[in-house]
Amino acid sequence: MKKKIMMLIALLGCTGLSTLVAQNCTAYYPVKQGTITEVTSYDAKSKVTGSTQSTVISNTSTADGYVVTIKSESFDTKGVSSGSGEYSYSCAGGKFLINMKSFFDPKAMAAYKDMDVTMDATDIDMPVNPTVGETLKEGSFTMTASSNGFQVMKMTVRMYNRKVAAIETITTAAGTFECIKITYDLSTDAMFKIDTKGAEWYAKEVGAVKTETYDVNGKLMGSSQLTKITR
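My aim in this report is to walk through the structure given alongside it, one point at a time.

How each quantity is defined
- Residues numbered from 1 in each chain as written.
- Predicted model: local features only at pLDDT ≥ 70, side-chain atom pairs only at ≥ 80, totals over all residues.
- Heavy atoms only, no water.
- Salt bridge = Lys/Arg side-chain N within 4 Å of Asp/Glu carboxyl O.
- Helix = DSSP H or I, 4+ residues; strand = E, 2+ residues; numbered from the N terminus.
- Buried < 20%, exposed > 50% of the residue type's maximum accessible area, 1.4 Å probe, protein only.
- Core = buried A, V, L, I, M, F, W, Y, C linked by side-chain atoms within 4.5 Å.
- Contact = heavy atoms within 4.5 Å.
- Polar contact = N/O pair within 3.5 Å; in protein donor to acceptor, adjacent residues only side chain to side chain.

### Overview of the pattern of salt bridges
Applying the stated rule across the entire model yields four salt bridges. A salt bridge links Arg158 to Glu138, with the shortest nitrogen-to-oxygen separation between them at 3.1 Å. Of the two residues, Arg158 sits in strand β9 (residues 150-172) while Glu138 sits in the loop between β7 (123-126) and β8 (139-147), which places them 20 residues apart along the sequence. On the basis of relative accessible area, Arg158 is assigned to the partly exposed category, the value being 37%. On the basis of relative accessibility, which here comes to 40%, the residue Glu138 falls in the partly exposed class. Of the charged contacts in the structure, one is a salt bridge between Glu212 and Lys210, with a shortest N-O distance of 3.7 Å. Since its relative accessible area comes to 17%, Glu212 is described here as buried.

### Brief notes about the nonpolar core
Tyr66, Tyr89, Phe96, Ile98, Phe103, Met126 and Tyr202 are the most contacted members of the largest nonpolar core, which totals 35 residues. When contributions to this core are tallied by element, the ones reaching two or more residues are β3 (65-75), β4 (81-92), β5 (95-99), β7, β8, β9 and β10 (175-190). For Phe96, the contacting residues outside a window of four places in its chain are Cys25, Thr26, Ala27, Tyr28, Tyr29, Tyr66, Tyr89, Ser90, Ile124, Asp125 and Met126. Grouped together as the second largest cluster of nonpolar side chains are ten residues, Phe177, Ala199, Val209 and Tyr214 included.

### Regarding unusual backbone geometry
The phi angle at Ser46 is positive, at roughly 70°, despite the residue not being glycine. Considering the arrangement of structural elements, one finds Ser46 in the loop between β1 (36-43) and β2 (48-62). Phi angles above zero are rare outside glycine, and Asn161 is one such case at about 55°.

### Quick word on the side chain of Asn99
Relative to the helices and strands, Asn99 resides in strand β5. You can call Asn99 buried: its relative accessible area is 16%. For Asn99, the side chain forms a polar contact with the side chain of Asp123, separated by 3.2 Å. Those residues in contact with Asn99 that lie beyond four places of it in its chain are Ser88, Ala121, Thr122 and Asp123.

### Here's the deal with the environment of Met153
When you line up the elements, Met153 lands in strand β9. Residues Met153 and Val117 lie 36 residues apart in sequence; the distance between their C-alpha atoms is 9.5 Å.

Right, dumping it as structure tokens:
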């Protein structure tokens, strides 16, 4: 069962700056085109399991904010690419929104490269002026893979009970960052249902500096840390 749980979790991953500031959005991801971040993943015993490199490839103005597009590529422990994909986040009406597609691990797509894949994802919000104890919007996404008209796999993920748990200073190989800690519950349904818990530490205009995933009993299952950022 533990192996099956880890397989499901593996599927999740996870500018004109002056103009952006005028939109009153508190950006919790990089917004400057060309910014590159590297996140290293670890198992429960702190052994490296791989890494993900994300690059801001565009920042497009909209009527009430902007949309940033990211290219994300996963690598194994030997530095060999295991898959890539794109996702977006946005500023709309003063709110910073992250598309749930960003939580889908790009390397998982390699298994479905010869299939028809569709994804339906909602946005989750990030706090403008974070307050400890603040409740945040829940989100979800559904991924369906089909071959020759037949559905091969359907996975639905729901992230709920999101809240601002703390404001903390986190130090990694990439530097020291002032972060908001967001905790949540995650329900994953793909052939069978798995419930897990998570914690993520976000820094403004940086992204997730640190993440941790736990089973329902609070036992650490895996983590990640920001190990490099190039602006």
